[in-house]
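# Summary of structural features
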Amino acid sequence: MLEIKNLHASLEEEDKAILKGVDLTVEAGKVHAIMGPNGSGKSTLSYVLSGKDGYEVTDGTATLEGEDILDMEPEERAAAGLFLAFQYPVEIPGVGNMTFLRTAVNAQRKARGEEEMSATEFLKVVRARARTLNIDAEMLKRPVNVGFSGGEKKRNEILQMAMLEPKMCILDETDSGLDVDAMKLVADGVNALRAEGRGFLVITHYQRLLDHIKPDVVHIMADGRIVKSGGPELALEVENNGYADILAEVA
Amino acid sequence: MAKPQLKHDPTEVRLLNIARPDAAAWTGPARDAAVKRVQEMRLPARRDEYWKYTRPDTLVDYQAPAAALFHNDEGRLFDGIDRLTIVFVDGVFDAERSDDLEMAGVRIDRLAEPADIHWAAETYGSLEAAGHYVPRALAALNTAFASDGVLIHVTGKTERPINLVYEHASETSDAMLHHVVKLDAGAEVTLLENGPAAARLNMVMEVDVADGAAFHHVRAQGRDHERRAVTHIFARLGTESVFKSFTLTVNGRLTRNECVVDLTGDNAVAHVAGACVGDGDFHHDDTVFVTHDAVDCESRQVFKKVLRNGAVGVFQGKILVKEGAQKTDGYQISQSLLLDDDSQFLAKPELEIYADDVACSHGSTSGAIDETALFYLRSRGVSRDEATDLLTLAFLAEAVDEIEAEALRADMLARLENWLKRRR
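Fair warning: this is a prediction, and the values are worked out from it, not measured in the lab.

Each value, and the rule that gives it
Within every chain, residues take consecutive numbers counted from 1 along the sequence as written. Each chain is given a letter, starting from A, and each ligand a number, starting from 1, according to the order in which they appear as written. The model is predicted, so local features are restricted to residues of pLDDT at least 70 and side-chain atom pairs to those at 80 or more, both for listing and for counting; the totals for chains, interfaces and linings are taken over all residues. Side-chain descriptors were evaluated using all non-hydrogen atoms of the structure, hydrogens and water having been removed beforehand. The helix and strand labels rest on DSSP assignments: H or I over at least four residues marks a helix, E over at least two residues marks a strand, and numbering proceeds from the N terminus. Throughout, the radius of gyration refers to the C-alpha atoms, and the reference size of a globule is 2.2 Å times the residue count to the power 0.38. Using a 1.4 Å probe on the protein chains alone, a residue whose accessible area is under 20% of its type maximum counts as buried, one over 50% counts as exposed, and one in between counts as partly exposed. The contact definition used throughout considers only heavy atoms, calling two residues in contact when any of these lie within 4.5 Å. With residues, only the protein chains shown are counted as cover, and all accessible areas are computed by Shrake-Rupley using a 1.4 Å probe. Throughout this description, the term nonpolar core refers to a set of buried Ala, Val, Leu, Ile, Met, Phe, Trp, Tyr and Cys residues connected via side-chain atoms within 4.5 Å. UniProt positions are given in the numbering used here, feature names are shortened, and annotations may be inferred rather than shown by experiment. By convention in these notes, a salt bridge is any Lys or Arg side-chain nitrogen within 4 Å of a carboxyl oxygen on Asp or Glu. Candidates for patches are residues over 30% relative accessible area with no salt bridge; among them, like charges are joined within 9 Å and nonpolar side chains (Val, Leu, Ile, Met, Phe, Trp, Tyr) within 5 Å. Under this rule, positive means Lys or Arg and negative means Asp or Glu; His and the chain ends count for nothing. Taken as the charge centre is NZ of Lys, CZ of Arg, CG of Asp or CD of Glu, depending on the residue. Angular values range over 0 to 180 degrees, each being the angle between N-to-C directions of two axes fitted as lines to C-alpha atoms, with helices fitted over their stretch in contact. Left-handed describes a crossing whose near helix is turned anticlockwise from the far helix by less than a right angle; the clockwise case is right-handed. Basically, the charged four are Asp, Glu, Lys and Arg, the nonpolar ten are Ala, Val, Leu, Ile, Met, Phe, Trp, Tyr, Cys and Pro, and anything else, Gly included, counts as polar. Summed over both partners, buried area is the accessible surface (1.4 Å probe) that two parts give up on being assembled. Polar contact criterion, stated in full: a pair of N or O atoms within 3.5 Å, where within protein one must be able to donate a hydrogen and the other to accept it, and residues adjacent in sequence count only if both atoms are side-chain atoms. A pair of strands is treated as paired once DSSP finds two or more bridges between them.

Attention shifts here to the overall build of chain A. The secondary structure content of chain A amounts to 10 helices and 12 strands. Relative to a compact globule of 251 residues, whose C-alpha radius of gyration would be 18 Å, chain A shows 18 Å and is just as compact. For chain A, the spread of C-alpha atoms along the principal axes amounts to about 55 × 40 × 35 Å. Taking all 251 residues of chain A together, the buried fraction comes to 54%. Taking contacts inside chain A between residues at least 6 apart in sequence as the whole, the part at least 24 apart equals 69%. For chain A, the computed accessible surface area is about 11,000 Å², with 46% contributed by carbon and sulfur atoms.

See the structure below:
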């Protein structure tokens, strides 16, 4: 599904290398987790993959179902099936959540040459999916993420994911700022979307999210590279011993 | 047309080249007095502080610069609203295309009608004359020479809005319209205005709002790219009265909208708002002057401008709180969204306060589109253009939200959305 080879990227303004040769393949139907200490490049990887300005890819490739995504505009990547759940979802005053969702769904459909969703059909689908995420009508009416609590913002991200039905989902520290109950709700939302044709890349600091979203593969990232990969037990190892042991071992 | 005699004095040149219309006798004294005011104040020139950001020469010149007609296939604005429509073509009343000027709760006459005496004789030119805290000689010129307009006497609660539609039919038209609106105590009316009016328009609207009356005003200035307009609203507000005015401007070579509001009765409320989109060689100036001269009054000024491709936006807003105008609540905000480096926003917010128990605030900002929000939208599949439009509309919506009536608000937003889309 997602294939990253020898990916190097640096911050445009500071000319500072952040990703120093990431190799990673996420298969369809699988959940991969990336863990790593602060500053290891986890979030940068998610931004580079989704096309945020300010990063320069200096080497390597990233393909989604064989298609090079690094040359695409962010909206083209989205239409191709890539989705990033933001660590800090952005507040957009003046743009209603519902308008935002409908615009996004139809923009992607249009880009793929599909028919736009009618207003009634959209309303039906969005209501049903919002309900499972405990998102009420009031939250749908409000401006995007404005005045939302941390948990509401993350649930709203998952709702967008559910509506856009991407092929490849990247979750950037979706657990940050969530209490246990909110995390459970978000994890349930993600689990409901697990499907054969869909890949997940879950970026997290902590093992606890992975109690709820059980990964198939766990990667440890440090200094801009994947330094170790393994099964779910690797996450437990981090939880118990921290990163120091692993980093010492691969050094 | 006579040849200009005094080449170096634009005021004299203009006065020599303008004829008093064949108007009702009752306007005579007001027109005479207005000519004197013009001669005393002189028409604005570039060196005038009040015209620092906007060049007045094309508005002052004795000949209106030609303006190509703009063919617009958009439907007429306010078509979904049950209203009484009055049509002016190049500043001339068009009886055939206007509705009957009959409606319960209101009496409508034309300025050009030769009635002997008229209630408007007291008002015509008087609010304009009282509004010169800063010289507004183009308004006085209008009082002196306006050829058409409507005189609206609102005696009750009108059931339908009155819609003044301004069409631009000739490339060289130079229109001078003067409206007088007088609301009796407790009366209510909504006035809608839309259209480009003429190649050049000079408009004055005097609004006298008696105690407990409410005046709502929603205006959309036509988007003819080459038209020029200077408009003036002079409003006087009685006790517990309400004045709410919103203007949408999209393009137009030059627009100067002056709004002068005097809060003369306690507990009166005045809101003046504007949303403006300029794309290209367009200059748009909002000049607002609100005077608090009574206790416990509230005023709000909310102006938003979106500018690109060299468009210039100007805001000059003043709140004057006179001695004794305690418990004044004054608010003013002007903001611009600059979509590129070629556009300019020039703002001059002013507060002048002579009372000691007031709450007045003002702010002005100028910024680019929020890149973080833009990326967020694009990461969801929304194209850069569409995302920019969404954010632009959201920015303007804060001014449009000042319109009280839901249907009118929706009308304005839909029109704006359409305009933004078409630009792409």
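Right, let's get into the nonpolar core. Residues and elements named next belong to chain B. Core analysis: the biggest nonpolar cluster contains 119 residues, and Phe246 and Met412 have the highest contact counts within it. Looking at this core, the element that brings in the most residues is helix 7 (residues 384–400), giving nine residues. Those residues in contact with Phe246 that lie beyond four places of it in its chain are His217, Val218, Arg219, Ala273, Gly274, Ala275, Ala399, Val400, Ile403 and Met412. Counting residues in hydrophobic clusters, the runner-up holds 51 residues, among them Ile86, Leu263, Phe315 and Leu338.

Our next topic: the UniProt feature "domain: SUF system FeS cluster assembly SufBD N-terminal" (unreviewed entry) in chain B. If you check UniProt for "domain: SUF system FeS cluster assembly SufBD N-terminal" (unreviewed entry), the listed places come out as residues 30–160 of chain B in our numbering. The straight-line gap between the two end C-alpha atoms of residues 30–160 of chain B is 31 Å; of that span, 23% is helix and 15% is strand.

Moving on, we come to the UniProt feature "domain: ABC transporter" (unreviewed entry) in chain A. The UniProt record marks residues 2–248 of chain A with the feature "domain: ABC transporter" (unreviewed entry), using the residue numbering of this structure. As annotated, residues 2–248 of chain A comprises 40% helix and 29% strand, and the C-alpha atoms at either end are separated by 29 Å.

All names here are of chain B. A positive phi angle, close to 70°, is found at Arg42, a residue other than glycine. Position of Arg42 relative to the elements: it lies in the loop between helix 2 (28–41) and helix 3 (57–60). Among the residues examined, Arg42 registers a relative accessible area of 30% and is labelled partly exposed. The backbone phi angle of Asn309 is positive, close to 55°, even though this residue is not glycine. Examined against the element boundaries, Asn309 turns out to sit in the loop between strand 16 (298–308) and strand 17 (312–321).

Here the focus is the side chain of Gln108 of chain A. Along the chain, the position of Gln108 of chain A falls in helix 3 (residues 97–111). A relative accessible area of 3% places Gln108 of chain A in the buried class. Beyond its immediate sequence surroundings of up to four residues, Gln108 of chain A is in contact with Ala78, Ala79 and Leu164 of chain A together with Arg380 and Gly381 of chain B.

Let us now look at the pattern of salt bridges. Residue and element names in this part refer to chain B. Counted under the stated rule, the structure contains 40 salt bridges over all chains. Here Asp174 makes a salt bridge to Arg200, at a shortest N to O gap of 2.9 Å. You can see Asp174 sitting in strand 7 (residues 174–183) and its partner Arg200 sitting in strand 9 (residues 200–209), a full 26 residues away along the chain. As a salt-bridge pair, Asp285 and Arg256 come within 2.8 Å of each other at their nearest N and O atoms. Taken together, the residues span a long stretch of sequence, with Asp285 in strand 15 (residues 283–292) and Arg256 in strand 13 (residues 254–263) at a distance of 29 residues. Judged by its relative accessible area of 0%, Arg256 falls in the buried class.

With that settled, the discussion passes to a negative patch on the surface. Taken together, the side chains of Glu12, Glu13, Glu14, Asp15, Asp53 and Glu56 of chain A together with Asp370 and Glu371 of chain B define an acidic patch exposed on the protein surface. On the secondary structure map, Glu12 of chain A appears in the loop between strand 1 (2–11) and strand 2 (16–26). In this structure Glu12 of chain A comes out as partly exposed when scored by relative accessible area, which is 46%.

On to the packing of helix 3 of chain A against helix 6 (residues 150–164) of chain A. Residue and element names in this part refer to chain A. Orientation of helix 3 relative to helix 6, taken along the N-to-C sense of each, is 35°, at an axis distance of 10 Å. As helix 3 runs across helix 6, the sense of the crossing is right-handed. Where helix 3 approaches helix 6, its residues Asn97, Phe100, Leu101, Ala104, Val105 and Gln108 are matched on the opposing element by Asn156, Leu159, Gln160, Met163 and Leu164. The residue makeup of the contact of helix 3 with helix 6, split by class, is seven nonpolar, four polar and no charged.

Residue and element names in this part refer to chain A. As for its position among the elements, Gly197 is in the loop between helix 7 (180–193) and strand 10 (199–203). Between the C-alpha atom of Gly197 and that of Ala85, which follows or precedes it by 112 residues, the distance is 18 Å. Apart from residues no more than four positions distant in its own chain, Gly197 is found in contact with Met1, Ala28, Gly29 and Lys167.

Here we take up the interface of chain A and chain B. With 30 residues of chain A in contact, the opposing surface of chain B contributes 17 residues. The junction of chain A with chain B conceals about 1,900 Å² of combined surface from both sides, 67% of it contributed by carbon and sulfur atoms. Considering only the surface of chain A that becomes buried against chain B, Glu75, Phe86 and Val90 of chain A emerge as the three largest contributors, covering 26% of it. In this structure, the connection of chain A to chain B is made through three salt bridges. Here Glu75 of chain A ties to Arg378 of chain B by a salt bridge, and the two come within 2.7 Å at their closest N and O atoms. Connecting chain A to chain B are 10 residue pairs in polar contact (both at pLDDT 80 or more). Mapped by element, the contributors of at least two residues to the side of chain A that touches chain B are helix 2 (74–80), strand 6 (82–85), strand 7 (92–96), helix 3 and helix 6 of chain A. In terms of residues, the side of chain A that touches chain B owes the most to one element, helix 3 of chain A, which gives six residues. Residue composition of the side of chain A that touches chain B, grouped by class: 17 nonpolar, eight polar and five charged.

Bringing the sheet that holds strand 7 of chain B into the picture now. Residue and element names in this part refer to chain B. The sheet built from 10 strands is open, its strands ordered 3-4-5-7-9-11-13-15-17-19 with mixed pairing. Both edges of this open sheet fall to strand 3 (102–103) and strand 19 (344–353), since each of them pairs with a single strand only. With 10 bridges joining them, strand 15 and strand 17 adopt parallel strand pairing. Considered in strand 17, the bridge of Thr291 is made with Leu320. Helix 5 (residues 137–145) rests against strand 7, strand 9 and strand 11 (228–237) of the sheet, and its axis sits at about 90° to strand 7.

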